[in-house]
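Here are the chains, one letter per residue:
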Protein chains: 2
Amino acid sequence: MAPVKEGFEGVEWRIRVADGSSVVPVSDIGFARKVWLRAKGLVSCLGLNVWMFLKKAWDIGANDPRKVIHCLKVGLALTLVSLFYFMRPLYDGVGGNAMWAVMTVVLVFEPNVGATLYKCLNRMFATFLAGFLAFGVHWIASQSGDRFEPFVVGASVFLLASMATFSRFIPSVKSLFDYGAMIFILTFSFVAVSGYRVDKLFDFAHQRISTIFIGTSLCILVIILVCPIWCGQELHGLTVRNMDKLADSLNGWFFFLSRSRSLFLKDMLRTSVTTVSGCVAQYFTNIKGEDDKKVQGYKCVLSSKASEDSMANFARWEPSHGQFNFRHPWKQYQKIGASMRSCAYCIEALNSCTNKENKAAESIKKHLSTSCLKVSSTSSSVIRELAETVKKMKTSPTIFMFVGEMNRAVEQLRNDLKSLSRLLDLSTTAENKEHETPLAEATGSVSFMEIIPVVTLASILIDIAARTEALVGSVEELAKLADFATNDGKSKKSEMKDKIVPDEEKPEGTLEAVQRV
Amino acid sequence: MAPVKEGFEGVEWRIRVADGSSVVPVSDIGFARKVWLRAKGLVSCLGLNVWMFLKKAWDIGANDPRKVIHCLKVGLALTLVSLFYFMRPLYDGVGGNAMWAVMTVVLVFEPNVGATLYKCLNRMFATFLAGFLAFGVHWIASQSGDRFEPFVVGASVFLLASMATFSRFIPSVKSLFDYGAMIFILTFSFVAVSGYRVDKLFDFAHQRISTIFIGTSLCILVIILVCPIWCGQELHGLTVRNMDKLADSLNGWFFFLSRSRSLFLKDMLRTSVTTVSGCVAQYFTNIKGEDDKKVQGYKCVLSSKASEDSMANFARWEPSHGQFNFRHPWKQYQKIGASMRSCAYCIEALNSCTNKENKAAESIKKHLSTSCLKVSSTSSSVIRELAETVKKMKTSPTIFMFVGEMNRAVEQLRNDLKSLSRLLDLSTTAENKEHETPLAEATGSVSFMEIIPVVTLASILIDIAARTEALVGSVEELAKLADFATNDGKSKKSEMKDKIVPDEEKPEGTLEAVQRV
């Protein structure tokens, strides 16, 4: 902005002074001035960019201070490992090969415990294995005479490197030993090839292994002792957050308590009241909620597959921490994630229903709004209850009540759809006519095309309810696998024998009820 | 399996011989036999597992021979770099530091050109920068006296390592220089800390830089000269494949030419005929297609975001290759991917419509099937044409015709929905009644609830058509950015001035027509 404005001033000034013909000296001054202004502009532009960059960096740090802590941890680990250079006894102890320890720290240190452990264990294991193999190859090569030695070593490097690289393409190997395969190639090539030049090969290998051991131990100590970030806990938190976001997107509860516009909102308002955050609620009230961000929450669910997968992969390496055992069923979190995404796909379809130009008839919207909102809000409650279940790692005694309520809401929505038909369906026989309500007059002037958007919305909502029930199943499975505590604090297994759940606690239409039938 | 079966035989045999009381010797033999059988079982089980693993590995190689070629390339590069050990002049040339070259090859070699170039350039640039900075720090430290030297060096390592680590959290830095930041920390720590012990620091840094240069050059040569796999080409191919899969999922064309069951299929059968691969077609024909895999193709689209992102990121580093320039708009492929996923979400919703128990009335299905199938097949044709456009990098002269056809199909579907209403809507006035068709009798016995599934399906199909049009927009944008050739082989830019596209070539309802209005 600055250079343009100043350049403009320069032009004005030139015209006033030059006064017609002799513009040469003025243009010279103008040129120098222009260069100066251009340079000034560039510097200020650069300064602004740097400032913006620093501001962004500051925001990143301020939003998640754990990132800053991680950086300090890396600095700490590197400074500690530098002591092997600064202290003569330590330096001599590793035979001047302290650089391997430095390299190990830089390459292995990751922001969370799981990834660091994965890399540390892979690095140690692969270095040992490759070292031993390389010794074997070296011995064979040295037996084959001076002339053939390079060929034997070269061929073995070619073969083993190719095979190890190929193993990285096999999914089961990749998920567990990808880094290990790389380190295997590295160490094997080092030790086998060095054997041709280095006289004391055993010392060389020994030093490499011991320095790597020092580096990895240091990393493990720092990562676990200084503000550890556990991958498992992160995955757990992400799952809970995503459930909350999904619930927010669906949430149909009400809204602008004081400013309720339509009468049909009344019976909803009697119950729990928050803001119009769900897309369904916004559709029926025709009022844009204050936070569109909440409605878009389901998009986070859609895009979190990659991070879920990598977290579940790393969490396996973590020891028991917090509420999680060593063999916590992390894979089940991936399944829960898949169920959540399956809900989110439908919410996406729902959103494009509600975002369309409002061609639906108001009277029909009025007729179906109560039950549609009920379905979306009860599904939302179910998901929120599931989030609570996962968060506290305690089975919810009320989840079946919520599921029952959702199923009743779905039933009610189906009935409302049917009652729509009573009006529109020619085939309805006379005896049904007597049940007709004042709805008849309300919908009297509605064309079929105006019904379609609302009917589609209702239909997708019913689908979402079904998918929510599948999500309940996934969480149930997790509760079983991870042995979640029941409400009175006991774990499920311990009380499986001495407690019989009374049937009447679970309302009809729940998942278990269905399974029992 | 084997041990269980054999163990069973063992039990039978024992009973027959022992004949009642004295079971001790038999049980002894039985125990030895059991151990033997268990061991045999274990070995055969292990053998089976190894065999399965090898078979899987073989399949992976057979399905994509380029993976095998990549492995051979890694072996080749490592063998070549080993020459620095095996040849005395080369070994002496790098002062015995050949290991850095080996390490560079192992760490930098990736399956495709883009990722390798990214790592190579990052590694070189970061090594230079860190080397110079470390020299500066070393000089300052050496000026501050023996006592303070370790503290100055340690503090600088702590600070710069922390800052470089933090920079990896900033998205813009991460996407371009993530690996570089790591190598920066590595080299800086090495050179700065080594300065305390190594006397000829300049030689040390010089050797590290020159060996890294040798390693990266070798990698670049091998990766580009031996069967190169270009990331850009891969991304391009993935996009085309995904479009084809999306089109397959939607494809509504027909089917079992000889075994057509319903009369209403007749007019479809007159046109192009393949198999029932689309879910819509399967729904209306009530016949499961032979390849369910094709219908599920859209799921690949849903799950390919991560690979698209990383490929687009690496493709930026690749030089001009094949049809692609250096500054090919790779980011636009990500946008096309997003548009495709937006379609795929709706297909997922559609699929759960069609997978439900067929509660829809056959007569209604019959009434809407032609237009529903028409919409799905024309959308499919549009997407297939887009795939062809992207594949050949040539703008399609017929795409607007296809879009127009799709829009006409949508219009027809809307009309069919309206004509449904003529029957069901009480508000229809008498003058409309005369247009009534034999449909009236057909739907006479249909309840409103039986209409809902089909109406929902139709409604989602209309939504899919709208999203397909958005996809057309994304591809148009790519064609503009990448300067796709028009059909007569010229690129768009070169003929923009001398050609005026006649309006009548584009049927009404196309994207451009809409934009012009």
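Note that the structure is a prediction, hence the values are computed from the model and not measured.

1. Some words on the overall build of chain A
So, step 1. Assigned secondary structure in chain A consists of 23 helices and 0 strands.
So, step 2. Counted over contacts in chain A with a minimum sequence separation of 6, partners at least 24 positions apart contribute 75%.
So, step 3. Entry remark: accessible area of chain A is about 25,200 Å², with carbon and sulfur atoms responsible for 62%.

2. Structural notes on the pattern of salt bridges
Residues and elements named next belong to chain A.
So, step 1. Here the structure, examined in full by the defined rule, presents 26 salt bridges over all chains.
So, step 2. A salt bridge links E234 to R66, with the shortest nitrogen-to-oxygen separation between them at 2.7 Å. Within this pair, whereas E234 is found in helix α10 (residues 231-250), its partner R66 is found in helix α3 (residues 65-86), the two being separated by 168 residues in sequence.
So, step 3. The partly exposed category is assigned to R66, whose relative accessible area is 35%.
So, step 4. With a shortest N-O distance of 4.0 Å, K174 and D178 are connected by a salt bridge. Taken together, the positions of K174 and D178, both in helix α8 (residues 171-194) and 4 residues apart, correspond to about one turn of that helix.
So, step 5. Through salt bridges with shared partners, a single network forms among D64, R66 and E234.

3. A short note on the interface of chain B and chain A
So, step 1. Contacts between the two partners involve 83 residues from chain B, matched on the other side by 83 residues from chain A.
So, step 2. Here chain B meets chain A over a buried area of about 7,700 Å², counting both sides, of which 76% is carbon and sulfur.
So, step 3. When the area that chain B buries against chain A is broken down by residue, the three leading residues are F86, R197 and F448 of chain B, summing to 10%.
So, step 4. Counting every contact that joins chain B to chain A gives 2 salt bridges.
So, step 5. Linking E348 of chain A and R467 of chain B is a salt bridge whose minimum nitrogen-to-oxygen distance equals 2.9 Å.
So, step 6. Our enumeration of links across chain B and chain A arrives at 7 residue pairs in polar contact (both at pLDDT 80 or more).
So, step 7. Considering every element that reaches the side of chain B that touches chain A, the biggest residue donor is helix α3 (residues 65-86) of chain B, with 13 residues.
So, step 8. Classifying every residue of the side of chain B that touches chain A gives 52 nonpolar, 19 polar and 12 charged.

4. Some points on the packing of helix α5 (residues 98-108) of chain A against helix α9 (residues 201-225) of chain A
The description of two packed helices rests on the angle between their axes and on the distance between the axes.
All names here are of chain A.
So, step 1. Look at α5 against α9: their axes get within 8 Å of each other, and the N-to-C directions meet at 40 degrees. Here α5 lies oblique to α9, going by the angle between them. Between α5 and α9 lies a crossing of right-handed hand. Along the contact surface, α5 presents W100, A101, T104, V105 and V108, while α9 presents R208, T211, I212, G215, T216, L218 and C219.
So, step 2. Looking at side-chain class alone, the contact of α5 with α9 contains 7 nonpolar, 4 polar and 1 charged residues.

5. Some details on a nonpolar patch on the surface
All names here are of chain A.
So, step 1. Together, L76, L80, L83, M87, L90, L221, L225 and V226 give the surface a local cluster of nonpolar side chains, amounting to about 640 Å² of exposed area.
So, step 2. Going through the elements one at a time, α3 and α9 are the ones with two or more residues in the nonpolar patch.
So, step 3. The dominant element in the nonpolar patch, judged by the number of residues it contributes, is α3, at 3 residues.
So, step 4. Structurally, the position occupied by L225 is in helix α9.
So, step 5. On the basis of relative accessible area, L225 is assigned to the exposed category, the value being 64%.

6. Let's talk about the packing of helix α10 (residues 231-250) of chain B against helix α15 (residues 305-315) of chain B
Residues and elements named next belong to chain B.
So, step 1. The N-to-C vectors of α10 and α15 enclose an angle of 145 degrees; their axes lie 8 Å apart at closest approach. At the point where α10 passes α15, the crossing takes the left-handed sense. On α15, the residues that touch C231, G232, E234, L235, L238 and N242 of α10 are S307, E308, M311, A312, F314 and A315.
So, step 2. Per-class residue counts for the contact of α10 with α15 are 7 nonpolar, 3 polar and 2 charged.

7. Looking at the relation of the copies chain B and chain A
Both copies of the chain are related through a single rotation about an axis accompanied by a shift along the same axis.
So, step 1. Superposition of chain B onto chain A requires a rotation of 180 degrees combined with a translation of 0.0 Å along the rotation axis, giving an RMSD of 0.1 Å. The two molecules are tied by a two-fold rotation axis, judged by turn and shift.
So, step 2. Comparing contact sets, 100% of the residues at the interface of chain B also lie at the interface in chain A, consistent with an isologous, same-surface contact.

8. Overview of the UniProt feature "transmembrane region" (unreviewed entry) in chain A
Residues and elements named next belong to chain A.
So, step 1. If you check UniProt for "transmembrane region" (unreviewed entry), the listed places come out as residues 35-54, 66-86, 98-118, 125-142, 176-197 and 209-231 in our numbering.
So, step 2. Regarding residues 125-142, the helix share stands at 100% and the strand share at 0%, and the terminal C-alpha atoms are separated by 26 Å.
So, step 3. What you have in residues 209-231 is 78% helix and 0% strand, and the ends, taken at the C-alpha atoms, are 28 Å apart.

9. Observations concerning the packing of aromatic side chains
So, step 1. The final tally for this structure, using the stated rule, is 17 aromatic pairs over all chains.
So, step 2. Connected via pairs of aromatic rings, a cluster forms that spans Y118, F314 and W317 of chain A.
So, step 3. Over the ring of Y179 of chain A we find K119 of chain A, and its NZ or CZ is 4.9 Å from the ring centre.
So, step 4. Taking NZ or CZ as reference, R208 of chain B lies 4.7 Å from the ring centre of W100 of chain B, over its face.

10. Description of unusual backbone geometry
So, step 1. Backbone geometry places C227 of chain B, a non-glycine residue, at a positive phi of 35 degrees.
So, step 2. Mapped onto the elements of the fold, C227 of chain B is located in the loop between α9 (201-225) and α10.

11. A word on the environment of I170 of chain B
So, step 1. Of note, I170 of chain B is situated in the loop between α7 (145-167) and α8 (171-194).
So, step 2. Note on I170 of chain B: relative accessible area 2%, which makes it buried.
So, step 3. Each C-alpha atom of the pair I170 of chain B and P228 of chain B lies 31 Å from the other, and the pair is 58 residues apart in sequence.
So, step 4. Residues within four places of I170 of chain B in sequence aside, it is in contact with F53, K56, A57 and I60 of chain A.

12. What to know about α15 of chain B
So, step 1. All of the buried residues in α15 of chain B are E308, M311, A312 and A315 of chain B. Around the axis of α15 of chain B, the buried residues are gathered within 100 degrees of arc, so they sit on the same side.

13. Topic: helix α21 (residues 448-481) of chain B
Residues and elements named next belong to chain B.
So, step 1. Across its 34 residues, α21 extends 50 Å between first and last C-alpha, which sits within 8% of the 50 Å expected from 1.5 Å per residue.
So, step 2. The buried fraction of α21 is high, at 24 of 34 residues.
So, step 3. Directly beyond the C-terminal end of α21, a positive phi value near 55 degrees is found at D483.

14. Quick notes on the environment of A479 of chain B
So, step 1. By secondary structure assignment, the location of A479 of chain B is in helix α21.
So, step 2. In the structure, A479 of chain B is positioned 147 residues away from Q332 of chain B in sequence and 9.8 Å away in space, judged by C-alpha atoms.

15. What about the nonpolar core?
So, step 1. In this structure, M243 and L246 of chain A together with M243, L246, L417 and L457 of chain B are the most contacted members of the largest nonpolar core, which totals 140 residues.
So, step 2. Residue contributions to this core peak at 18 residues, all from helix α21 (residues 448-481) of chain A.
So, step 3. Core analysis: the second largest hydrophobic core is formed by 107 residues, A77 and V191 of chain A together with V113 and L218 of chain B among them.

16. Things to note about the side chain of Q332 of chain B
Residue and element names in this part refer to chain B.
So, step 1. If you trace the backbone, Q332 turns up in helix α16 (residues 330-355).
So, step 2. Classification of Q332 as buried rests on a relative accessible area of 5%.
So, step 3. Here Q332 is in contact with S474, E477, L478 and L481, once residues within four sequence places are set aside.

17. Quick notes on the confidence of the model for chain A
All names here are of chain A.
So, step 1. Here chain A shows a mean pLDDT of 77. Residues at 70 or above account for 74%.
So, step 2. Residue range residues 425-443 is modelled with pLDDT below 50. Its contacts to residues more than four positions away, or to other chains, number 23 contacts.
So, step 3. Confidence drops under pLDDT 50 across residues 492-517; counting only partners more than four residues distant or on other chains, this segment forms 33 contacts.
So, step 4. The complex model carries a pTM of 0.78, and its ipTM stands at 0.77.

18. What about the state of the cysteines?
Residues and elements named next belong to chain A.
So, step 1. Scanning the model with the defined rule gives 0 disulfides over all chains in all.
So, step 2. C219 takes part in no disulfide bond, and the closest cysteine sulfur, belonging to C120, lies 5.1 Å away.
So, step 3. Not part of a disulfide, C227 finds its nearest cysteine sulfur in C71, a span of 13 Å.
So, step 4. Residue class for C227 comes out partly exposed when judged on its relative accessible area of 43%.

19. Notes on the side chain of N112 of chain A
Residue and element names in this part refer to chain A.
So, step 1. In this structure, N112 sits in the loop between α5 and α6 (113-143).
So, step 2. N112 sits in the buried class, given a relative accessible area of 16%.
So, step 3. Polar contacts involving the side chain of N112 include one to the main-chain amide nitrogen of G114, which spans 3.4 Å.
So, step 4. In contact with N112, not counting residues within four places along its chain, are I223, I229 and C231.

Parameters and conventions
- Residues numbered from 1 in each chain as written.
- Chains lettered and ligands numbered in written order.
- Predicted model: local features only at pLDDT ≥ 70, side-chain atom pairs only at ≥ 80, totals over all residues.
- Heavy atoms only, no water.
- Helix = DSSP H or I, 4+ residues; strand = E, 2+ residues; numbered from the N terminus.
- Contact = heavy atoms within 4.5 Å.
- Areas by Shrake-Rupley, 256 points an atom, 1.4 Å probe, with all protein chains shown as cover.
- Salt bridge = Lys/Arg side-chain N within 4 Å of Asp/Glu carboxyl O.
- Buried < 20%, exposed > 50% of the residue type's maximum accessible area, 1.4 Å probe, protein only.
- Buried area = accessible area lost by both parts, 1.4 Å probe.
- Polar contact = N/O pair within 3.5 Å; in protein donor to acceptor, adjacent residues only side chain to side chain.
- Nonpolar A, V, L, I, M, F, W, Y, C, P; charged D, E, K, R; others polar.
- Axes fitted to C-alpha atoms, helices over the stretch in contact; angles between N-to-C directions.
- Parallel < 35°, antiparallel > 145°, perpendicular 65-115°, else oblique.
- Left-handed = near helix turned anticlockwise from the far one by under 90°.
- Patch = residues over 30% accessible without salt bridge, like charges linked within 9 Å, V, L, I, M, F, W, Y side chains within 5 Å.
- Least-squares fit on C-alpha atoms with pLDDT ≥ 70 in both.
- UniProt positions renumbered as here; feature names shortened; annotations may be inferred.
- Phe/Tyr/Trp six-rings, centres within 6.5 Å; stacked < 30°, edge-to-face > 60°.
- Lys NZ or Arg CZ within 6 Å of the ring centre and 35° of its normal.
- Arc of directions from axis to C-beta.
- Expected span 1.5 Å × (residues − 1).
- Core = buried A, V, L, I, M, F, W, Y, C linked by side-chain atoms within 4.5 Å.
- pLDDT = per-residue confidence, 0-100.
- Disulfide = S-S within 2.5 Å.

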